[in-house]
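Here are the chains, one letter per residue:
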Amino acid sequence: MKNMTDSDRTRKKHKQPTNILELLLALSILSVSMYPLVYIFRISQIPRQKTQTEYLATLLAHHVIETIVARKSVDPSFLPFMSDAEPVVQSADSVAPVSNYFRGICENGENITENGPSQLFWHLKQFNCQIDTYYLEGALYKVIVYISYQNEGRNMRVFFERLLPQSDSVEQESDE
Amino acid sequence: MKRRTGELSFESIIALAFLVVIAATAMAILQFHLSRQIEQRVDQDITLGYNLVLLHMRQDARIGQRYEIIPDGVKVIGADEKPIATYQLIDKSMYRSDENEKSQLLVSNLEKASFRLHQELNNLLLVTLLPVDRMQLPFFTSFALRGGK
């Protein structure tokens, strides 16, 4: 009987560190195998804010391109000029001028301000609009519209580009 | 040299890992299935409705000759003064009706829909849609008439 108890104790003594090792091994393997689960869950979630911000930036770029198209249609000699990144709304904490394409677009003919449609103001406040232009061969003029914003500290931007004729010949276009 | 053994065998650990991977796969299949159900996403994502507005208005503007602003809406008029489509906010929902008077719901739960011509350019329509839920994304863009060019 005494022999049996001694052997049990000896076995327990040896068993304890083995169990901890096994537990650690199990945890490590399980945590690795959990990664696909977490990854799939993460990518299956709609990145709502990011996608919607990008979507709104695309709408703003579309607005700028359409304004250029409309102006070109009225005045065939019109070519848009280059501009730095400028805000699309007028806010009290910024002295930078509002982008030319977003001036006077409120119903009252004013810029979008906090006092205007505040819902629109707060959603658009994060965006800046920049225009780059290039003279190309074949009497073409390339316009690139950048709508930039910050996402988690990173600078993001959406761009549309369009080819315009330098004269009032047939218009060629290319949106991205 | 003694071989140490515990209560959890290596085979059990591997089996557990496999079970987790199988669960992950099942979850991926479920998510894929749910993402295919567009109807469920319409209520969750307002941009699906906005896409319909964008798609239809771009098509109508391509052939439109002029815009006619109406209360809470706009008419796109084509060649020979023939109306191409009408967009109107009715009971907080925006509808598009075409020349056959066929009406289609584009976006619901809107607080306000504004259609107005640009101050200097009467061939440019500015569209603003503000959802009832102020946390939702508003819609703002423009549509230039191409007149079939």
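Note that the structure is predicted; figures quoted are calculated from it, not measured. (Residues numbered from 1 in each chain as written. Chains lettered and ligands numbered in written order. Predicted model: local features only at pLDDT ≥ 70, side-chain atom pairs only at ≥ 80, totals over all residues. Heavy atoms only, no water.)

**Student:** What is the right way to read the nonpolar core from this model?
**Tutor:** Counting 67 residues, the largest nonpolar core has F102(A), V145(A) and L129(B) as its most contacted members. Here the element with the most residues in this core is helix α2 (residues 48–74) of chain A; it accounts for 11 residues. Once residues lying within four places of it in the same chain are set aside, the contact partners of L129(B) are Y50(B), V53(B), M94(B), V107(B), L110(B), K112(B), A113(B), P138(B) and F139(B). (Core = buried A, V, L, I, M, F, W, Y, C linked by side-chain atoms within 4.5 Å. Buried < 20%, exposed > 50% of the residue type's maximum accessible area, 1.4 Å probe, protein only. Helix = DSSP H or I, 4+ residues; strand = E, 2+ residues; numbered from the N terminus. Contact = heavy atoms within 4.5 Å.)

**Student:** Can you walk me through the confidence of the model for chain B in this structure?
**Tutor:** Summarising the model, chain B shows a mean pLDDT of 83, and 88% of its residues fall at 70 or more. Taken element by element, the predicted model of chain B shows its lowest mean pLDDT in helix α2 (residues 38–44) of chain B (52) and its highest in strand β8 (residues 139–144) of chain B (95). (pLDDT = per-residue confidence, 0-100.)

**Student:** Would you mind going over the pairing of β8(B) with me for this structure?
**Tutor:** Side-chain positions along a regular strand alternate between the two faces of the sheet. Residue and element names in this part refer to chain B. Counting buried residues in β8 gives 6 out of 6 residues, a clear majority hidden from the surface. Burial along β8 is two-sided: the residues F139, T141 and F143 and F140, S142 and A144 are all buried. Bridging between strand β7 (residues 124–131) and β8 involves 6 bridges; their strand directions are antiparallel. Looking at the pairing, L129 lines up with F139 of β8. (Pairing = 2+ DSSP bridges.)

**Student:** How should the sheet that holds strand β6 (residues 110–117) of chain B be read in this particular structure?
**Tutor:** Strands in a sheet are paired, the pairing made by backbone hydrogen bonds, and the direction either parallel or antiparallel. Residue and element names in this part refer to chain B. Spatially, 3 strands are ordered β6-β7-β8 in an open sheet, and the strand pairing comes out antiparallel. Both outer strands of the open sheet, β6 and β8, are each paired with one neighbouring strand and no more. Pairs of neighbouring strands in the sheet enclose a mean axial angle of 15°, with direction left out of account. (Axes fitted to C-alpha atoms, helices over the stretch in contact; angles between N-to-C directions.)

**Student:** Even after reading the chapter, I still don't get the sheet that holds strand β4 (residues 93–98) of chain B, so can you show me in this structure?
**Tutor:** Residues and elements named next belong to chain B. In spatial order, the strands read β1-β2-β3-β4-β5; together these 5 strands make up an open sheet with antiparallel pairing. Each of the sheet's edge strands pairs with one partner strand only, and the pair in question is β1 (66–70) and β5 (103–107). The sheet shows a mean angle of 20° between the axes of neighbouring strands, taken without regard to direction. Across 6 bridges, the pairing between strand β3 (residues 83–90) and β4 is antiparallel. Counterpart to T86 in the pairing with β4 is S97. The strands that helix α3 (residues 47–63) touches are β1, β2 (73–77), β3, β4 and β5; relative to β5, the one it contacts most, it runs at about 125°.

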